[in-house]
Amino acid sequence: MSLATDSPVNSSSSDDLAAFLDAELDSNSLGSSPEKEAEDKDEDEESIDEEAENEEARDDKDLERIKRRKTQIVETIQESPGPTSLGNLEEKTEVSLGTDNCPHPGSLGGMCYRCGKRLEEESGVTFSYICKGLRLGNDEIDRLRNTDMKHLLRHRKLYLILDLDHTLLNSTLLLHLTPEEDYLKSQADSLQDVSKGSLFMLAFMNMMTKLRPFVHTFLKEASEMFEMYIYTMGDRPYALEMAKLLDPSREYFNARVISRDDGTQRHQKGLDVVLGQESAVLILDDTENAWTKHRDNLILMERYHFFASSCRQFGYHCQSLSQLRSDESELEGALASVLKVLKRIHNIFFDELANDLAGRDVRQVLKMVRGEVLKGCKLVFSHVFPTKFPADTHYLWKMAEQLGATCSIELDPLVTHVVSTDARTEKSRWAAKEAKFLVDPRWIETANFLWQKQPEENFPVQQTKPEENFHAKQMKDQ
């Protein structure tokens, strides 16, 4: 199939770019043909000095290099069938621009991939995960995003960015396995057919990886609604190996695997390296601070701690799932729960909003759905915040408000829940006397992760003895 063919099944924003590169780099916009160059050289041979010959040799090498770059990106993207179409670029590729009036939409290895000119200063964003050395200018990025957006919406799809560690899977170094986890080595699944397994020992990486329960079903059903990316803070070799475990046939992610090596800011993730409109992007990640510029797109995931090293990493002094020889529920775990949320958001976005499709913003839909979880609840906190801490800035207060609850520091008849860590506080006793719900703070956190109001009886508040309360010197009844 031609890379420039407009196919709603086998094209994507990367296909669009590949078609453009293919057409432009094979056209005469990169310079004259070898035959013409030979004729010109014969005619002017006597007048060409040594410096010109050296310059020409350098140009020839540059042209060969950019041709190789073009071949790499076309081959890479040709293997990457996506669910959306950007159409062909006939109108754009019909015109052959010279170096003087070329807008230089992007570059490969420091040379404009349209006219072949070496660029002294490059702007825009690097997209090395698509092709090493590929850089796109801001205008070209906007054009690709706008075009891809139209085709995504036509096929009723949005974008979904997926974190790896503690979201889709959990990995540990083999040397970090505890004696209680040694049994895992004999239970590892075969790497010959990873689609049927969930626990893998990657000896060549000295690592063991456990896929989160329900992940195969999740990816299959999510792919029908979203064009999906992997985005991890792990390095690129690790990201690609994990992609092989999750998507061995490359039907979900293809080349859309972004690692920390591909980002533009250290210790941060950003949508600037994603060829998708922010208004159509949802993100699943267990680390909110990784997305400081895109929190409105984020669905925070409950961390998956299968291995003991994962619990230690986050300071949990408890046995891991592997040590307990247990696992998350397949049908009631985090991925199954969030899939329901994604389906609801997708349905509202495409079927329930009245405004024009192109003007819709999935972030507003996400905010609306999140705000339904604790709608109608009025909360007062007791013995939860440190002394003199501004209550309305605490993460639990803000989380409850995002879930639709009303928060207050004063008791009144409209209060429905007292959130406390100690049943002996004044507010806790008031809740018992007035037949209000008295719940542990985990009630809010669990509702946030599962996107559903939880049974209050599952989150009782204990009477904490002073010597057992590690917050005793920091907390007060608020």
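Refer to the structure printed above.
Residues numbered from 1 in each chain as written. Predicted model: local features only at pLDDT ≥ 70, side-chain atom pairs only at ≥ 80, totals over all residues. Heavy atoms only, no water.

Asker: Help me out: how do you make sense of the packing of aromatic side chains in this one?
Answerer: Both the distance between ring centres and the angle between the ring planes are used here to describe each pair of aromatic rings. Under the definition given, this model contains eight aromatic pairs. With a centroid separation of 6.1 Å and 50° between ring planes, the pair formed by Phe-127 and Tyr-129 is classed as tilted. Per residue, the accessibility class of Phe-127 equals that of Tyr-129, and both read buried. Pairing Phe-381 with Trp-397 gives two aromatic rings, centres 5.9 Å apart and planes at 25°, and the pair type is stacked. Of this pair, Phe-381 sits in strand 13 (residues 378-382) while Trp-397 sits in helix 11 (residues 395-402), and the two are 16 residues apart along the sequence. Across this residue pair, the class does not change: Phe-381 and Trp-397 are buried. Here the aromatic residues Tyr-304, Phe-306 and Phe-307 are joined through ring pairs into a cluster of three or more. We note Arg-256 situated over the ring of Tyr-229; from NZ or CZ to the ring centre the distance is 5.8 Å. Across from the ring centre of Tyr-183, 3.8 Å away, lies the NZ or CZ of Arg-325, which sits over that ring. (Phe/Tyr/Trp six-rings, centres within 6.5 Å; stacked < 30°, edge-to-face > 60°. Buried < 20%, exposed > 50% of the residue type's maximum accessible area, 1.4 Å probe, protein only. Helix = DSSP H or I, 4+ residues; strand = E, 2+ residues; numbered from the N terminus. Lys NZ or Arg CZ within 6 Å of the ring centre and 35° of its normal.)

Asker: What's the story with the packing of helix 6 (residues 215-222) against helix 9 (residues 334-352) in this structure? I'm lost.
Answerer: Axes are the key here: two packed helices are described by the angle between their axes and the distance separating the axes. Orientation of helix 6 relative to helix 9, taken along the N-to-C sense of each, is 10°, at an axis distance of 10 Å. As far as their axial angle goes, helix 9 and helix 6 are roughly parallel. On the side of helix 6, the interface is formed by Val-215, Phe-218, Glu-221 and Ala-222, while helix 9 contributes Leu-335, Val-338, Leu-339, Leu-342 and Lys-343. Each residue belonging to the contact of helix 6 with helix 9 can be placed in one class, and the counts come to seven nonpolar, no polar and two charged. (Axes fitted to C-alpha atoms, helices over the stretch in contact; angles between N-to-C directions. Parallel < 35°, antiparallel > 145°, perpendicular 65-115°, else oblique. Contact = heavy atoms within 4.5 Å. Nonpolar A, V, L, I, M, F, W, Y, C, P; charged D, E, K, R; others polar.)

Asker: Can you walk me through the sheet that holds strand 10 (residues 257-258) in this structure?
Answerer: The strands that make up a sheet are held in pairs by hydrogen bonds between backbone atoms, and each pair lies either parallel or antiparallel. Spatially, 10-9-5-11-12 is the arrangement adopted by the five strands of the open sheet, whose pairing is parallel. Looking at which strands have only one partner, the edges of the open sheet turn out to be strand 10 and strand 12 (298-300). With four bridges connecting them, strand 5 (residues 158-162) and strand 11 (residues 281-285) associate as parallel partners. Within the sheet, the bridge partner assigned to Leu-160 lies in strand 11 and is Leu-282. Helix-sheet contacts for helix 9 involve strand 5, strand 9 (226-231), strand 11 and strand 12, and the interaxial angle to strand 11 is about 170°. (Pairing = 2+ DSSP bridges.)

Asker: Would you mind showing me how to read the pairing of strand 11 here?
Answerer: A regular strand places its side chains on the two faces of the sheet in alternate fashion. Of all five residues in strand 11, five are buried, a share of seventy percent or more. Here strand 11 shows a buried face lined by Val-281, Ile-283 and Asp-285 and a second buried face lined by Leu-282 and Leu-284. Where strand 11 meets strand 12, three bridges bridge the pair, whose relative direction is parallel. Note on strand 12: the bridge partner recorded for Ile-283 is Leu-298.

Asker: For this particular structure, what's the right way to read helix 10 (residues 362-370)?
Answerer: Since one α-helical turn is 3.6 residues long, residues separated by three or four positions face the same way. Listing the buried residues of helix 10 in full gives Val-362, Val-365, Leu-366, Val-369 and Arg-370. Down the axis of helix 10, the buried side of the element spans an arc of 130°, and every buried residue falls inside it. Among the exposed residues of helix 10, those oriented more than 90 degrees off its buried face are Gln-364 and Lys-367. On its buried face, helix 10 sits against strand 5, strand 11, strand 12, helix 9 and helix 11. (Arc of directions from axis to C-beta.)

Asker: Can you help me understand the environment of Tyr-231 in this one?
Answerer: Structurally, Tyr-231 is set in strand 9. Spatially, the C-alpha atom of Tyr-231 lies 8.5 Å from that of Arg-256, the residues being 25 residues apart in sequence. Apart from the residues within four sequence positions on either side, Tyr-231 is in contact with Ile-161, Leu-162, Asp-163, Leu-164, Ile-258, Ser-259, Gly-263, Gln-268, Lys-269, Gly-270, Val-273 and Trp-291.

Asker: Would you explain the nonpolar core in this entry?
Answerer: Considering soluble globular proteins, one finds that nonpolar side chains tend to be buried as a cluster. With 100 residues, the main nonpolar core has Leu-160, Phe-218, Leu-246, Phe-381 and Ile-444 as its most contacted residues. For this core, the element with the most residues is helix 9, which contributes eleven residues. With nine residues, the next largest nonpolar core counts Tyr-183, Leu-199, Phe-307 and Leu-321 among its residues. (Core = buried A, V, L, I, M, F, W, Y, C linked by side-chain atoms within 4.5 Å.)

Asker: Teacher, can you tell me more about unusual backbone geometry here?
Answerer: Negative phi characterises most residues that are not glycine, and trans characterises most peptide bonds. The backbone phi angle of His-104 is positive, close to 50°, even though this residue is not glycine. Positionally, His-104 belongs in the loop between helix 4 (90-93) and strand 1 (106-108).

Asker: Where do I start with the state of the cysteines in this structure?
Answerer: What makes a disulfide is a covalent bond joining the sulfur atoms belonging to two cysteines. Per the stated rule, a full pass over the model turns up zero disulfides. Cys-102 takes part in no disulfide bond, and the closest cysteine sulfur, belonging to Cys-112, lies 3.7 Å away. Among the residues examined, Cys-102 registers a relative accessible area of 7% and is labelled buried. As a non-bridged cysteine, Cys-115 has Cys-112 as the owner of its nearest cysteine sulfur, 3.7 Å distant. Using a relative accessible area of 2% as the deciding quantity, one classes Cys-115 as buried. (Disulfide = S-S within 2.5 Å.)

Asker: It is not clear to me how the sheet that holds strand 8 (residues 207-211) should be interpreted in this structure. Could you clarify?
Answerer: Reading across from one edge, 6-8-7 is the order of the three strands in this open sheet, with antiparallel pairing throughout. Looking at which strands have only one partner, the edges of the open sheet turn out to be strand 6 (169-173) and strand 7 (199-202). For this sheet, the mean angle separating the axes of adjacent strands, direction not counted, is 15°. Across five bridges, strand 6 lies against strand 8 in antiparallel orientation. Within the sheet, the bridge partner assigned to Leu-169 lies in strand 8 and is Leu-211.

Asker: Hey, could you run me through helix 11 in this one?
Answerer: Within the span of helix 11, buried status applies to Leu-396, Trp-397, Met-399 and Ala-400. Along the axis of helix 11, the buried positions cluster into a sector of 165°, meaning they face one direction only. Packing partners of the buried residues in helix 11 comprise strand 13, strand 14 (406-408) and helix 13 (442-450). Count one or two residues on from helix 11 and you reach Gly-404, which has phi positive near 100°.

Geometry only, nothing functional implied.
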